[in-house]
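# Examining the three-dimensional arrangement
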Amino acid sequence: MAELKTKKNNASVAEFIKGIDDPAQRTDCRKISAMMKKATGSRPKMWGTSIVGFGSYSYSNSAGKDYEWMLTGFSPRKQATSIYIMPGFKKFDALMKKLGRYKTGKSCLYVKRLDDVDEGVLQQLIDESVQHMRNIYSTK
């Protein structure tokens, strides 16, 4: 397996968020950031050039190579904001039914606008996903 290209770095999260062109998406990202800080107790860090991550966990692949990745995070994309729910969504079926309008990938929740989802349910989803990750991985 190749080395991960997206790594935690010291770029300014505040400057990154300030640079989001769409004012509504910028506001949404500030709210999501606050939710993730509450869930993790961690300060945000840039991962690569376009992902804001909170906390981290260590894991090993099948070849025994160790990696570090964020517990949760988000990335403002042109089509939607990607919210990273690392355990995926199968264990959160009840919450997903109450969330609102969204799309998903393997561990990405795509939300066009925060107004499209129930923010309380989103906070609960982030909280429970972080707790799940802390239960199975060594976290920071």
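Structure shown above.
Report follows, based on the coordinates.

Each value, and the rule that gives it
Residues numbered from 1 in each chain as written. Predicted model: local features only at pLDDT ≥ 70, side-chain atom pairs only at ≥ 80, totals over all residues. Heavy atoms only, no water. Pairing = 2+ DSSP bridges. Helix = DSSP H or I, 4+ residues; strand = E, 2+ residues; numbered from the N terminus. Contact = heavy atoms within 4.5 Å. Axes fitted to C-alpha atoms, helices over the stretch in contact; angles between N-to-C directions. Expected span 1.5 Å × (residues − 1). Buried < 20%, exposed > 50% of the residue type's maximum accessible area, 1.4 Å probe, protein only. Polar contact = N/O pair within 3.5 Å; in protein donor to acceptor, adjacent residues only side chain to side chain. Core = buried A, V, L, I, M, F, W, Y, C linked by side-chain atoms within 4.5 Å.

## Some thoughts on the sheet that holds strand β3 (residues 51-54)
Strand order in the open sheet formed by seven strands is β1-β2-β3-β6-β7-β9-β8, with antiparallel pairing between adjacent strands. Of all strands in the sheet, those with a lone pairing partner are β1 (8-9) and β8 (103-104), marking the two edges. In this sheet, strand β9 (residues 108-111) lies alongside strand β7 (residues 81-85) in antiparallel orientation, the contact comprising four bridges. Bridge pairing in β9 links Ser 82 to Tyr 110. The strands touched by helix α4 (residues 119-136) are β6 (72-76), β7 and β9; relative to β7, the strand with the most contacts, the crossing angle is about 40°.

## Observations concerning α4
With 18 residues, α4 extends 26 Å from end C-alpha to end C-alpha; this agrees with the ideal 26 Å at 1.5 Å per step. Along α4, the positions that sit buried rather than exposed are Val 121, Leu 122, Gln 123, Leu 125, Ile 126, Ser 129, Val 130 and Met 133. For α4, the N-terminal capping position is held by Asp 118, with its side-chain oxygen 2.9 Å away from the main-chain nitrogen of Gly 120.

## Points about the pairing of β7
For β7, a buried count of five out of five residues is recorded, marking the element as mostly surrounded by other parts of the structure. Side-chain alternation along β7 places Thr 81, Ile 83 and Ile 85 on one buried face and Ser 82 and Tyr 84 on a second face that is also buried. Bridge count between β6 and β7: five bridges; the pairing is antiparallel. Within the sheet, the bridge partner assigned to Pro 76 lies in β7 and is Thr 81. Connecting the antiparallel pair β6 and β7 is a turn made up of four residues.

## Topic: the environment of Gln 79
With respect to the helices and strands, Gln 79 occurs in the loop between β6 and β7. For Gln 79, a relative accessible area of 65% gives the class exposed. Spatially, the C-alpha atom of Gln 79 lies 23 Å from that of Lys 45, the residues being 34 residues apart in sequence.

## So, the sheet that holds strand β10 (residues 138-139)
Taking strand neighbours across the sheet as the criterion, the three strands line up as β5-β4-β10 in an open arrangement whose pairing is antiparallel. Of all strands in the sheet, those with a lone pairing partner are β5 (66-69) and β10, marking the two edges. The pairing of strand β4 (residues 57-60) with β5 spans four bridges and is classified as antiparallel. Opposite Tyr 57, over in β5, you have Trp 69 as the bridge partner.

## A look at the nonpolar core
With 39 residues, the main nonpolar core has Phe 74, Ile 83, Leu 99, Leu 109, Leu 122, Leu 125 and Ile 126 as its most contacted residues. At the level of elements, α1 (13-18), α2 (23-40), β2 (44-47), β3, β7, α3 (93-99), β9 and α4 are the ones that each hand at least two residues to this core. The dominant element in this core, judged by the number of residues it contributes, is α4, at six residues. Not counting the four nearest positions on each side in its chain, Ile 83 is found in contact with Ile 32, Met 36, Gly 73, Phe 74, Ser 107, Cys 108, Leu 109, Val 111 and Leu 122.

## A closer look at the environment of Tyr 57
Inspection of the secondary structure assignment puts Tyr 57 in strand β4. Of the residues examined, Tyr 57 reaches a relative accessible area of 8% and is grouped as buried. In sequence terms Tyr 57 and Glu 68 are 11 residues apart; their C-alpha atoms lie 5.6 Å from each other. Dropping the residues within four chain positions of it, Tyr 57 is found in contact with Tyr 67, Glu 68, Trp 69, Met 70, Leu 71, Met 86, Met 133, Tyr 137, Ser 138 and Thr 139.

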